[in-house]
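# Observations on the three-dimensional arrangement
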Amino acid sequence: LTVSADKTAKVWDIMEDASGKVNRTLVCTGIGGVDDMLVGCLWQNDHLVTVSLGGTFNVFSASNPDKEPVSFAGHLKTVSSLTYFPQSNPRTMLSTSYDGVIIRWIQGVGYGGRLIRKNNTQIKCFVAAEEELITSGYDNMVFRIPLNGDQCGDAESVDVGGQPNALNIAVQQPEFALITTDSAIVLLHKSTVTSTTKVSYTITSSAVSPDGTEAIVGAQDGKLRIYSISGDTLTEEAVLERHRGAITSIHYSPDVSMFASADANREAVAWDRATREIKLKNMLFHTARINCLAWSPDSRLVATGSIDTCAIV
């Protein structure tokens, strides 16, 4: 078995005179471009394994080479975000990495293929609805990308005036998005900026309610600021003080009766949305900065992930 940069693998018969004769050519499907060049192979029992420059493994059957190969891959750069589609069938998760690669993972199966984007820019922030992706990189641009199966349609981009540090979709009206940069809160309708609100504090995280009527903005000073949203207008309703470090993550509970926030000083707090009072505090179990936070589907549990290498429920 040999592989080549011509993107094919060949099985050879070795003749009695030590010459070689091609028995079969195996074609490895890929994503196009130099990443499909094959750089390694292995013949292990009945398995013919090829490896591409882009990190995709194809496993053929030596006894049944006409059988469709099993393919799998992963990220080659730092994974930056995950998005889970609870309503999809089968249940699906998307992961993105710094180099702009988006990979689909299917529950019970594993690797589900790589999403093909026409504009393969770097990804820092990422959020997804069932049929749309919103991404931003390391410039001021936000991209809205239609999703059709494993293919991404033509992206629409918009300059939001600063490097985004958080992207949020209002689940009940996904054409509405709230973007935050270090110094501004930006409202998007589809790919049009409808308002930009400059602030005097440094924004570190944000969240928007499913109906798009409320936003929570976390800051470097550890304060949570709650804004009501009416059309294109933001109105500050309350400032919540509890955290002693920069806010790193904010999420509404699935039943929207609560929200939870986490900070760089390793604490997480659960809040009552209606009264804006603390519902659960002293969640100081990590030994370092909390990077991410998530709710269970029944709104009864909160999970936090930290650079101390622990996930705590």
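Residues numbered from 1 in each chain as written. Predicted model: local features only at pLDDT ≥ 70, side-chain atom pairs only at ≥ 80, totals over all residues. Heavy atoms only, no water.

Now for the sheet that holds strand β6 (residues 57–61). Read across the sheet, four strands follow the order β4-β5-β6-β7 without closing on themselves; strand pairing throughout is antiparallel. Of all the strands in the sheet, the pair left with one neighbour each is β4 (38–44) and β7 (70–72). Averaged over neighbouring strand pairs, the angle between their axes works out to 15° when direction is ignored. Judged from the six bridges that link them, β4 and strand β5 (residues 47–52) form a sheet pairing that is antiparallel. By the bridge assignment, Gln44 is partnered in β5 with His47. (Pairing = 2+ DSSP bridges. Helix = DSSP H or I, 4+ residues; strand = E, 2+ residues; numbered from the N terminus. Axes fitted to C-alpha atoms, helices over the stretch in contact; angles between N-to-C directions.)

Pairing analysis gives six bridges linking strand β19 (residues 184–189) to strand β20 (residues 192–198), with the strands arranged antiparallel. Bridging across to β20, Leu188 finds its partner in Val193. From the end of β19 to the start of β20, which pair antiparallel, there are two residues, and Lys190 there has a positive phi angle of about 55°.

Summed over the entire model, instances satisfying the criterion amount to nine salt bridges. The shortest N-O distance in the salt bridge between Arg144 and Glu132 comes to 2.9 Å. One end of the pair, Arg144, is in strand β14 (residues 141–148); the other, Glu132, is in strand β13 (residues 132–136), with 12 residues separating them in the sequence. The same class applies to Arg144 and to Glu132, which are both buried. Ionic pairing is found between Arg276 and Glu214, a salt bridge with its closest N-O pair at 3.9 Å. Of this pair, Arg276 sits in the loop between β27 (268–272) and β28 (278–283) while Glu214 sits in strand β22 (residues 214–219), and the two are 62 residues apart along the sequence. Each member of the salt-bridge network shares a partner with another, and the members are Glu214, Arg273 and Arg276. (Salt bridge = Lys/Arg side-chain N within 4 Å of Asp/Glu carboxyl O. Buried < 20%, exposed > 50% of the residue type's maximum accessible area, 1.4 Å probe, protein only.)

Here we come to the domain arrangement of the protein chain. When the parts of a complex come together, some accessible area is lost, and that lost area is often used as the size of the interface. You can read the domains of the protein chain as domain 1 (2–72) and domain 2 (242–312). One C-alpha centre belongs to domain 1, the other to domain 2; they are set 48 Å apart. (Domains from an automatic or database assignment.)

This part takes up the layout of surface pockets. Empty space among the atoms becomes apparent when a probe as large as a water molecule is rolled across them. Approximately 2200 Å³ is the volume attributed to the largest pocket. Along its surface, the largest pocket is lined by 48 residues, and Leu82, Thr83, Val127, His251 and Leu293 are the ones closest to its centre. Within the residue set of the lining of the largest pocket, elements represented by two or more residues are β8 (79–85), β12 (125–129), β17 (166–169), β21 (203–208), β25 (247–252) and β29 (290–295). Of all the elements, β8 adds the most residues to the lining of the largest pocket, at seven residues. (1 Å grid on protein atoms, 1.4 Å probe; cavity = no way out; pocket = protein on both sides within 12 Å on 5 of 7 lines; lining within 4 Å. Points joined across faces, edges and corners; volume = space filled by probe spheres on them.)

A few words on the UniProt feature "repeat: WD" (unreviewed entry) in the protein chain. Following the UniProt record, the feature "repeat: WD" (unreviewed entry) maps to residues 1–14, 240–272 and 283–313 here. Annotated as residues 1–14, this span is 0% helix and 64% strand, and its ends, taken at the C-alpha atoms, are 11 Å apart. Taken end to end, residues 240–272 comprises 0% helix and 58% strand; its first and last C-alpha atoms sit 12 Å apart. (UniProt positions renumbered as here; feature names shortened; annotations may be inferred.)

Within the secondary structure layout, Ser97 lies in strand β9 (residues 92–97). In contact with Ser97, other than residues within four places in its own chain, are His75, Lys77, Thr78, Val79, Ser80 and Ile123. (Contact = heavy atoms within 4.5 Å.)

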